[in-house]
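The primary structure of each chain is shown beneath.
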Amino acid sequence: MYRDNTLVPAEATRLLALGLLMEKPMSYAMLAQTVRGFTSLVVGPSLDLIGTPLEVLKVEGLVSLDKASETETLSLTDAGQEEFSYLMGSNLRAPVTDMSKLIIAIKMRLLHLADQTTQTMQVNLLVDIYERQLNRLLELKQGYSTTEGQFDNWLDLDIKHTTEQLKTYENMAEDMAKSVA
């Protein structure tokens, strides 16, 4: 992890692999294909995401191999579930990079697998991130707006998009608070 407790690219793919196995056991080939497919669709092909092979998950005791079935399948171990919880609880960065967007996408994809406290924490982090992002954009508009060119149109679109995202995460947080109460 980085110093701010956010995931490095290899940890993002590890979180995705562990979460997929938490949902259901699958073959090594299917796991690799699903991880590669998901990450490529979110950020495009990326050398940053070609990290430690999934085979290392077996060596580290995070997954076990079931050879009894017709096709060998990987299953999550207790240590793998602990690692999933640890990675799922990491901080988030503002989604200004493809990697930040990927980590948010992975966490949203796997959020239902986390405990209620982690779910609430992650959604509240997203609310905070988008509030800060919107404030930066509004300050940018106030201080650097111009009557010429397309900057204002571009900025207005970004403000609209960020406002919609913020509202979505605020609604999620409200819904989660209601379900706990």
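Residues numbered from 1 in each chain as written. Predicted model: local features only at pLDDT ≥ 70, side-chain atom pairs only at ≥ 80, totals over all residues. Heavy atoms only, no water.

1. Digging into the overall build of the chain
Reasoning step 1: A tally of regular secondary structure across the chain gives 7 helices and 2 strands.
Reasoning step 2: For the chain, the sequential pattern of α-helices and β-strands runs α-α-α-β-β-α-α-α-α.
Reasoning step 3: In terms of overall dimensions, the chain has a C-alpha envelope of 70 × 45 × 30 Å along the principal axes.
Reasoning step 4: Split by element, the accessible area of the chain, about 10,500 Å² in all, is 54% carbon and sulfur.
Reasoning step 5: Considering the chain, the positive charge centre built from 16 side chains and the negative charge centre built from 25 side chains are found 1 Å apart. (Helix = DSSP H or I, 4+ residues; strand = E, 2+ residues; numbered from the N terminus. Areas by Shrake-Rupley, 256 points an atom, 1.4 Å probe, with all protein chains shown as cover. Lys, Arg positive; Asp, Glu negative; His and termini not counted. Charge placed at Lys NZ, Arg CZ, Asp CG, Glu CD.)

2. Describing the confidence of the model for the chain
Reasoning step 1: Chain-level pLDDT for the chain is 87 on average; 94% of the residues reach the 70-or-more range.
Reasoning step 2: Within the chain, helix 4 (residues 78-88) carries the highest mean pLDDT (93), whereas helix 3 (residues 55-59) carries the lowest (85). (pLDDT = per-residue confidence, 0-100.)

3. Some thoughts on the side chain of Asp152
Reasoning step 1: On the secondary structure map, Asp152 appears in helix 7 (residues 151-180).
Reasoning step 2: For the buried Asp152, which has no salt bridge, the nearest side chain bearing the opposite charge is Lys141, at an N-O separation of 4.5 Å.
Reasoning step 3: Here Asp152 is in contact with Lys141, Ser145 and Thr146, once residues within four sequence places are set aside. (Buried < 20%, exposed > 50% of the residue type's maximum accessible area, 1.4 Å probe, protein only. Salt bridge = Lys/Arg side-chain N within 4 Å of Asp/Glu carboxyl O. Contact = heavy atoms within 4.5 Å.)

4. Some details on the pairing of strand 2 (residues 73-76)
Reasoning step 1: Side chains Thr73 and Ser75 of strand 2 all project onto a buried face; the interleaved residues Leu74 and Leu76 project onto the opposite face, where all are buried too.
Reasoning step 2: Examined bridge by bridge, strand 1 (residues 63-66) and strand 2 share 4 bridges and lie antiparallel to one another. Bridged to Val63 within strand 2 is Leu76. (Pairing = 2+ DSSP bridges.)

5. Details of the nonpolar core
Reasoning step 1: Counting 46 residues, the largest nonpolar core has Leu15, Leu18 and Leu31 as its most contacted members.
Reasoning step 2: Looking at this core, the elements that each hand over two or more residues are helix 1 (9-23), helix 2 (28-43), strand 2, helix 4, helix 5 (98-110), helix 6 (116-144) and helix 7.
Reasoning step 3: In terms of residue count, helix 6 provides more of this core than any other element does, 8 residues in total.
Reasoning step 4: With near-sequence residues (within four places) excluded, Leu18 lies in contact with Leu57, Leu62, Val63, Leu76, Gly80, Glu83, Phe84 and Leu87. (Core = buried A, V, L, I, M, F, W, Y, C linked by side-chain atoms within 4.5 Å.)

6. Description of helix 5
Reasoning step 1: Under the 1.5 Å per step criterion, the end-to-end length of helix 5 is 18 Å for 13 residues, consistent within 8% with the ideal 18 Å.
Reasoning step 2: Among all positions in helix 5, only Met99, Ser100, Leu102, Ile103, Ile104, Ile106, Lys107 and Leu110 are buried.
Reasoning step 3: For helix 5, the secondary structure elements touched by its buried residues are helix 1, helix 2, helix 4, helix 6 and helix 7. (Expected span 1.5 Å × (residues − 1).)

7. Some words on the pattern of salt bridges
Two side chains carrying opposite charge are able to pair once their charged atoms lie near each other.
Reasoning step 1: For the coordinates displayed, the defined rule picks out 4 salt bridges.
Reasoning step 2: With a shortest N-O distance of 2.7 Å, Glu23 and Arg109 are connected by a salt bridge. Here Arg109 lies in helix 5 and Glu23 lies in helix 1, a separation of 86 residues in the sequence.
Reasoning step 3: Classification of Arg109 by relative accessible area gives partly exposed; the value is 32%.
Reasoning step 4: For the salt bridge of Lys141 with Asp156, the shortest nitrogen-to-oxygen distance reads 2.7 Å. One end of the pair, Lys141, is in helix 6; the other, Asp156, is in helix 7, and 15 residues separate them in sequence.
Reasoning step 5: Among the charged side chains, a salt-bridge network with shared partners connects Arg14, Glu60 and Glu83.

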